[in-house]
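This is what each chain is made of:
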Amino acid sequence: MEDCLFCKIIAGEIPSKKMYEDEEMYIFCDIDPKAPKHYLMVPKAHFARLEEMTDEQAAVLGKCLKKLPSLTGLLGLENGYRLIINQGPDAGQTVFHLHVHILAGKKMAWNPA
Ligand code: 5GP
Ligand code: ZN
């Protein structure tokens, strides 16, 4: 997808701090961390929002989530982590390639405000 920041990061055209990669997903450090550990888990296949997700992409996203527990050691998530998908303007989505925020490294309040 042309002009997509995360497609360019996945393709290596824009540098990123890669933490993990396989055939279906790319995990890297958020440039503006909101927690001591803040990663972005990005399915490689481009789609912007859940509304656009095909059945095949849904299966891939499920596989990515299922793999996450096996990556907790690599990512330092042993003490727990929070997953967030921002969808649309009220949630503050700024990059329109679906991604899962992985936040960890401190005890988090349950208040998204
Ligand atoms: P959203 O607001 O769409 O849910 O999340 C986009 C995230 O991408 C933000 O947390 C932002 O800090 C991060 N981000 C934006 N541009 C870059 C970049 O060039 N590199 C990296 N590593 N993260 C970025
Ligand atoms: Zn993209």
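Before reading on, note that the structure itself is shown above.
Residues numbered from 1 in each chain as written. Chains lettered and ligands numbered in written order. Predicted model: local features only at pLDDT ≥ 70, side-chain atom pairs only at ≥ 80, totals over all residues. Heavy atoms only, no water.

## Quick notes on the packing of aromatic side chains
Convention followed: Classification of ring pairs rests on two measures: the distance between centres of Phe, Tyr or Trp rings, Trp counted by its six-membered ring, which must be within 6.5 Å, and the angle between planes, read as stacked under 30 degrees, edge-to-face over 60 and tilted in between. Each residue is assigned to one of three classes by its accessible area relative to the maximum for its type, calculated with a 1.4 Å probe on protein chains only: buried under 20%, partly exposed between the two thresholds, exposed over 50%.
For the coordinates displayed, the defined rule picks out two aromatic pairs. On the basis of an interplanar angle of 50° and a centroid distance of 5.6 Å, the ring pair of Tyr 26 and Phe 28 is categorised as tilted. Comparing Tyr 26 with Phe 28 shows no difference in burial state: the two are buried. An aromatic cluster is present here, built from Phe 6, Tyr 26 and Phe 28 joined pairwise through their rings.

## So, helix α2 (residues 55–67)
Which entries qualify depends on this criterion: Working definition: helices are DSSP H or I runs of at least four residues, strands are E runs of at least two. Numbering for both runs from the N terminus. Each residue after the first adds 1.5 Å to the expected span of a helix. To obtain the arc, one takes the directions from the helix axis to the C-beta atoms. Only heavy atoms matter for contacts: two residues are in contact if any of them lie within 4.5 Å across the pair.
The end-to-end C-alpha separation of α2 is 18 Å, in line with the 18 Å expected for 13 residues at 1.5 Å each. If you check which residues of α2 are buried, you get Gln 57, Val 60, Leu 61 and Cys 64. Viewed end-on, α2 has its buried residues packed into an arc of 100°, placing them on one side of the element. Opposite its buried face, α2 presents the exposed residues Asp 55 and Lys 66, each directed more than 90 degrees away. Packed against the buried residues of α2 are β2 (25–29), β3 (37–43) and β5 (100–104).

## Some thoughts on the coordination of the zinc ion (ligand 2)
Each pair of donors in an ideal four-coordinate tetrahedral metal site encloses 109.5 degrees, whereas pairs in an ideal six-coordinate octahedral site enclose 90 or 180 degrees. For the record, the criterion: Metal donors were taken as nitrogen, oxygen and sulfur atoms no farther than 2.8 Å from the ion, or 3.2 Å where the ion is Na, K or Ca. Water is excluded, so coordination may look unfinished. A four-donor site is classed as tetrahedral when every donor-metal-donor angle falls between 85 and 135 degrees; four donors are called square planar, and six octahedral, when trans pairs exceed 155 degrees and all remaining angles lie between 65 and 115, with any other arrangement labelled irregular.
Note on the zinc ion (ligand 2): its protein donors are Cys 4 (SG), Cys 7 (SG), His 46 (ND1) and His 97 (ND1). The metal-donor distances range over 2.0 to 2.3 Å. Around the zinc ion (ligand 2) sit four donor atoms; with metal-centred angles ranging over 105 to 117°, the donor geometry is tetrahedral.

## With respect to the environment of Leu 71
When you line up the elements, Leu 71 lands in the loop between α2 and α3 (72–75). For Leu 71, a relative accessible area of 7% corresponds to the buried category. Sequence separation of Leu 71 and Tyr 20 is 51 residues, and the distance between their C-alpha atoms is 8.5 Å. Contact partners of Leu 71, with chain neighbours within four places excluded, come to Tyr 20, Met 25 and Ile 27.

## Observations regarding the pairing of β3
Put simply, the test is: For two strands to be treated as a pair, DSSP must find no fewer than two bridges joining them.
Most of β3 sits inside the fold, with six of its seven residues counted as buried. The sheet contact formed by β2 and β3 spans five bridges and is antiparallel. Each bridged residue has a counterpart across the sheet, and for Cys 29 the counterpart in β3 is Tyr 39.

## What about the state of the cysteines?
Quick note on the threshold: Throughout, a disulfide means two cysteine sulfur atoms within 2.5 Å of one another.
On inspection of all chains with the given rule, the structure shows zero disulfides. Free cysteine: Cys 29, not disulfide-bonded; nearest cysteine sulfur from Cys 64 at 17 Å.

## Considering the nonpolar core
Under the convention used in this document: Here the nonpolar core consists of buried residues drawn from Ala, Val, Leu, Ile, Met, Phe, Trp, Tyr and Cys, with membership extended through side-chain atoms lying within 4.5 Å.
In this structure, Met 25, Ile 27, Met 41, Leu 71 and Leu 75 are the most contacted members of the largest nonpolar core, which totals 17 residues. When residues of this core are traced back to their parent elements, those giving at least two are β2, β3, α2 and β5. Each residue touching Leu 75, except ones within four places of it in the same chain, is listed here: Met 19, Ile 27, Lys 37, Tyr 39 and Leu 68. Core analysis: the next-biggest nonpolar cluster, separate from the first, contains 10 residues, Cys 4, Ile 9, Val 42 and Val 95 among them.

## Section: the sheet that holds strand β1 (residues 18–21)
To keep it simple, the criterion reads: Only the stretch in contact is used when fitting a helix axis, every axis being a line fitted to C-alpha atoms; angles between N-to-C directions are given from 0 to 180 degrees.
One open sheet accounts for five strands, arranged β1-β2-β3-β5-β4; its pairing is antiparallel. Lying at the two open borders of the sheet, with one neighbouring strand each, are β1 and β4 (82–84). Strand-to-strand, the axes of this sheet are offset by a mean angle of 20°, without reference to chain direction. In terms of strand pairing, β3 meets β5 through five bridges, oriented antiparallel. For Tyr 39, the partnering residue across the bridge sits in β5 and is Ile 102. Contacts from α2 reach β1, β2, β3, β4 and β5 within the one sheet, and its direction differs from that of β3 by about 145°.

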